[in-house]
Amino acid sequence: MTGWLDAHLVSMVDGVAYGLLLFTLAVGLSLVFGMMDVLNLAHGTLYLAGAYTAYALSDGSWLGLLVALLVGLLVGLAGGGLLAAAVAPLQGRGHLDQAALTLGIALIAAEVMAMFFGAEVLPTAPPGSLARSVSVLDHSYPLYRLVFIAVAGVLAVLVYLAFERSSVGALVRATVADRDMVRAMGVDTRKVLFGVFAFGAVLATVGGVLGAPIIAPGPGIDDRVLVLSLVVIVIGGLGSVRGALLGALLIGQVQTLGVALTPAFAPFLLFGAMLLVLVLRPQGLSSLGRA
Amino acid sequence: MSTDAGLRSRGRRLPLRTAVLVAVVTVLLLLVPWVFGAFTVMTFTRALVFAVLAMSVNLLTGVAGMPTLGQAAYFGVGAYTGALVGIHWSELGVVQLALATLAGVVAAVLTGPLAIRGRGVAFLMITLAIGEIGYTAAGRLDSVTGGTDGMSGIPPVVVTPGGSGLVNEGLIYYYVLVVAAVSYAAVAVLLRSPFGLTLRGLRDNESRLRSVGYRTDSYALAAYVYAGGLAALAGSLWASSQRFVAPGDLGFEISALALLAVIVGGVGSMWGACLGALLVVFTRDYLGQQLSGHAPLLLGILFVLTVYLLPQGVAGGRAQWRRLFPKDHGGDPGTVTPT
Amino acid sequence: MTTRRTTYLLALTAASTLALGACGGGTLGGGGDEGGEEADGTIKIGLLVPQSGVYKSLGDDMRAGFEVYLEEHDNTLGGLEVEVVLADEGETAESGKAAADKLVKQDQVTVVTGVVSSAVMNGVVDLFETSKIPLVGSNASPTTLTDAEFIWRTSYVNDEPGEALGAYVAENVDGGVYFLAADYQAGKDEVSGFKKSFEPAGGETVDEVYTPFPATTNFQPFLANAKASGAEALFSFYAGGAAVEFVKQYDQFGLKGEIAHYSAGFLTEGGVLDGQGASAEGTFTAMNYNYDLDNELNASFVEAYVAKTDRNPTTYAMASYDAAKVLDLAIEAAGEADPEAINTAIGEISEIESPRGTWTWSEIGTPVQTWYLREVKEVDGTLTNVIIDELGELGG
């Protein structure tokens, strides 16, 4: 047992890092879907925009990272606002139109980014003092990923508390559960919706800035993180922060520990896990407000 | 959304106009190989194959209200089956089509019970998983499929026993056109049947259907199997027209484009789905090649414009076209066939 | 809209469609020409390379290599003025095949060169064999392609980089070798090529694992298994973005310095080396070319290429340069822009002087050439591939 643990401990730690990265992406996607019924297929584009921001601005110094984070925040606000405005006229037209629109936007944005950054994958260095590996129980492990676990972990706890414990969070959850009722109570739900869209987008771009040294920006990365986030939110249950966290951590382990245990079946694990969860529980592991 | 008004109302209200329309469209389609050069005809062929796949997606998405991202899996089953039959057993088109469809039906019967466990986004994601697993499996089973480098050496398809294989692009186009037209008719017949009406009920109000005693899951499964067979039929056409099958043909991109073609065409309308397929294929393969390397950009623009300007797709009806062209001056073929 | 107007519009559409087509001529009945014939003294050449998607940078290199040759020869090949028709191969077999169809059927080119992806190469075999138009491929080269009459490749065969390295690793590594490769045909070909020379030389295999491609961005679980396996060396096959991630993580997860890393040369070829940075140092790769090869033709090629693109040429650029050279010789010998005559002439070329050294055609239309062992080293402050040994000749 200790031998097994020793062999796979690093994979499990890495699964947590990976899972938390997925959480920062998926939570926005999940809430936007839960509240606005919008399936935002341009969500991966936001991650990519954040990661390219990190590539362009961080120069291995702490200041560079800080600047990149600030710019990433602005990019997220702008992107979220634009997307919210773009889908606003489509209220009540069903998921398919929104999916087509946001996918169209994602395709256009991908071309624009490819024009600026080219077709290569652009590895992004973390701040110099974090760009090395340390020993975790005799296994070499990148220090940046450990720090990322701490930072993203704090972020996840804050997001969770904000949504589950604060009054703003209660409003958001209420909007997920019954938008009309909240509107009838005199709350301007459009503001809530805009706010959540922008918040989700900022989380995705900030996730991109912080995640660039782990999943480097390049053409096609937007699709890949989008599919991962979609898997996470349907596994977790749409519209739920708790579900997104649960789903993200589960997929993180499937993609690291699962792969390490059964490398021959690696390509089937992600979708196999999703299929299993959905067939057993079509509404996801933890669903709020919607059956 | 009165999305399937097209098929129903045409038959009832305007038989003459329908007849004229069908005749003119048929003549136009028949003229294609006499008018255009080889590459354009090949693009038309691809578009027709894609139209059959789009109809299959539309049957689930538009008619039964179950949006799918997994039809490429059955398309691929049909393509590989058609190709294998062609290489090892019979070059006869009818045999390939029949066996490919059968294989698609079997695949859908086996996987359908999983898929119909969910509705809406859950169904969408389960079908996505089926598609992705199919794609990966196609690349892995190299002894059967030739692996990721694809399967080549498919002999030209033969139409009548003892005849020679179709090599000319124009003849291949006619072969695909005839099969596509038959599939269109088969779908039209299905939609007019009581079964078709029940499927629409599934979309509009499943719980009411269930409460009056329908076993809705059986209907959903039946629709899934029908759509799977249709997608596999399209796959066999693909193998015959391209004479090459690769795992990419089962990929997410194909499923997504088929779904988007349905949305562009107008969800629920079968001729809309066909027109959407034509638009998507020509945008990607024809315009995309003219503007080298920018096919995704063009597709993106197409999707955004359609969603804003044609809320109900190309087949969306007269009102939205009126709004777009207030003075009613249109030369686009799309404008002349509203419902 | 009235019935009459509908009919009127349809008639109009029909008429305009016919008018449109009348300029081109139909596939049935008509000549089937859309592109028209070349003027005297010119030749149309299709350049089929990715201009979008994940392989774009390879496509850029191949295009630049071809253009360097044309610029050196006043835009003529074999005395004929060249008109290059670009087509985008894209990412998938489907997009590549459509592009090849366009070149052959619509643009009516006399010859085609390029092709990055093996799947596209397999998909277009029928097209070129039945149209009797030569394809001088400059990268993709599946092992199964052995009996094509009109398809040539100036690059290599997919399993040769592995085969070149196998025996060397068996002799120089004291212990087992672990295999990690991208899970597609080229990865499998590379590993089986490696084993072809590795096993007879007494090499010992520890395990053989294929990673999902292109989905894998995190190699940690695979690397952890490799590290725990007790292997002395690793043989890998990755290219493009996956190569960057793989090499960086190989370093981050502590395999660098413990397990020697051998790979097919694509791992560190071209722009990816910049992305890998110091993590790539000490990686051994097998390749048929390196920009530092010491011969006169290579010196002038490198100079012209650097002047044009501001980067050192890769094997992709070199193979494309050679494709232009092959066409130059063949068109000269054929004397006219006739596809079949040019194809015959290509086969009759006895030897090709190339930046990689002189090579000849093998029986299956690929080069018989020398392979080199390269190591990534720091030279004057920049990381670069340096030739450290010869691995012998393959392809004969």
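Residues numbered from 1 in each chain as written. Chains lettered and ligands numbered in written order. Predicted model: local features only at pLDDT ≥ 70, side-chain atom pairs only at ≥ 80, totals over all residues. Heavy atoms only, no water.

Here the focus is the confidence of the model for chain B. Residue and element names in this part refer to chain B. A residue-level look at chain B finds 90% of positions with pLDDT of 70 or above and a mean pLDDT of 87. Per-element confidence in chain B is highest for helix α4 (residues 71-88), whose mean pLDDT is 97, and lowest for helix α1 (residues 5-13), whose mean pLDDT is 46. Contacts of residues 1-11 to residues separated by more than four positions or lying in other chains number 26 contacts, the stretch itself having pLDDT below 50. Counting interchain partners and residues more than four positions distant, the pLDDT-below-50 stretch residues 328-339 has 25 contacts. (pLDDT = per-residue confidence, 0-100. Helix = DSSP H or I, 4+ residues; strand = E, 2+ residues; numbered from the N terminus. Contact = heavy atoms within 4.5 Å.)

Turning to the interface of chain A and chain B, a few remarks are in order. Between chain A and chain B, the contact holds 33 residues from the first and 35 residues from the second. Of the roughly 2900 Å² buried where chain A meets chain B, counting both sides, 80% is carbon and sulfur surface. Three residues, Leu96, Glu111 and Phe268 of chain A, lead the burial of chain A against chain B; their summed loss comes to 20% of the area buried on that side. The interface formed by chain A and chain B contains zero salt bridges. On the surface where chain A and chain B come into contact, there are six residue pairs in polar contact (both at pLDDT 80 or more). Elements with a minimum of two residues in the side of chain A that touches chain B: α4 (95-117), α9 (221-236) and α11 (266-280) of chain A. It is α4 of chain A that contributes the most residues to the side of chain A that touches chain B, 12 residues altogether. (Buried area = accessible area lost by both parts, 1.4 Å probe. Salt bridge = Lys/Arg side-chain N within 4 Å of Asp/Glu carboxyl O. Polar contact = N/O pair within 3.5 Å; in protein donor to acceptor, adjacent residues only side chain to side chain.)

All names here are of chain C. Assignment of secondary structure puts Tyr291 in the loop between β11 (284-287) and α10 (296-309). Separated by 95 residues in the primary sequence, Tyr291 and Val386 place their C-alpha atoms 8.9 Å from one another. Not counting the four nearest positions on each side in its chain, Tyr291 is found in contact with Asn298, Val302, Asn312, Pro313, Thr384 and Asn385. Of note is the side chain of Tyr291, whose polar atom sits 2.8 Å from the side chain of Thr384.

This part covers the nonpolar core. Grouped together as the largest cluster of nonpolar side chains are 281 residues, with contacts concentrated most on Phe50 of chain B together with Leu180 of chain C. Viewed by domain, this core spans two of them, domain 1 (42-156 + 294-365) and domain 2 (160-287 + 372-394) of chain C, each represented by three or more residues. What Phe50 of chain B contacts, discounting residues up to four positions off in sequence, is Ile254, Leu257, Ala258, Ala261, Ala277, Val280 and Val281 of chain B. By size, the runner-up hydrophobic cluster in this structure holds 21 residues, among which are Val104, Val112, Met121 and Leu127 of chain C. (Core = buried A, V, L, I, M, F, W, Y, C linked by side-chain atoms within 4.5 Å. Buried < 20%, exposed > 50% of the residue type's maximum accessible area, 1.4 Å probe, protein only. Domains from an automatic or database assignment.)

What follows deals with the sheet that holds strand β4 (residues 111-114) of chain C. Residues and elements named next belong to chain C. With mixed pairing, six strands are arranged side by side in an open sheet as β2-β3-β1-β4-β5-β6. In the strand order of this sheet, the two ends are held by β2 (76-77) and β6 (151-153), each with one partner. Both strand β1 (residues 42-49) and strand β3 (residues 80-88) contribute to a ladder of eight bridges, which runs parallel. Residue Lys44 lies in a different strand from β3, and its bridge partner there is Glu83. (Pairing = 2+ DSSP bridges.)

Residue and element names in this part refer to chain C. Both β11 and strand β13 (residues 367-379) contribute to a ladder of four bridges, which runs antiparallel. Of the residues in β13, the one forming a bridge with Thr285 is Arg374. Relative to β13, strand β12 (residues 360-361) runs antiparallel, the two being bridged by two bridges. Paired with Trp361 across the strands is Pro367, a residue of β13. The antiparallel hairpin formed by β12 and β13 contains five residues in its connecting segment, where Gly365 sits at a positive phi of about 80°. Here β13 runs beside strand β14 (residues 382-394); their pairing, made up of 11 bridges, is antiparallel. Bridged to Arg374 within β14 is Ile387. If you look at the hairpin formed by β13 and β14, you'll find two residues sitting between the two strands, and Asp380 has a positive phi there, around 50°.

Moving on, we come to helix α7 (residues 220-228) of chain C. Across the nine residues that make up α7 of chain C, a large majority, seven, are buried. Those residues of α7 of chain C not exposed but buried are Gln220, Pro221, Phe222, Leu223, Ala224, Asn225 and Ala226 of chain C. The secondary structure elements touched by the buried residues of α7 of chain C are α1 (2-36), α10 (241-261) and α11 of chain A together with β7 (177-182), β8 (205-211) and α8 (240-252) of chain C. Just past α7 of chain C, the residue Gly230 of chain C takes up positive phi, approximately 80°.

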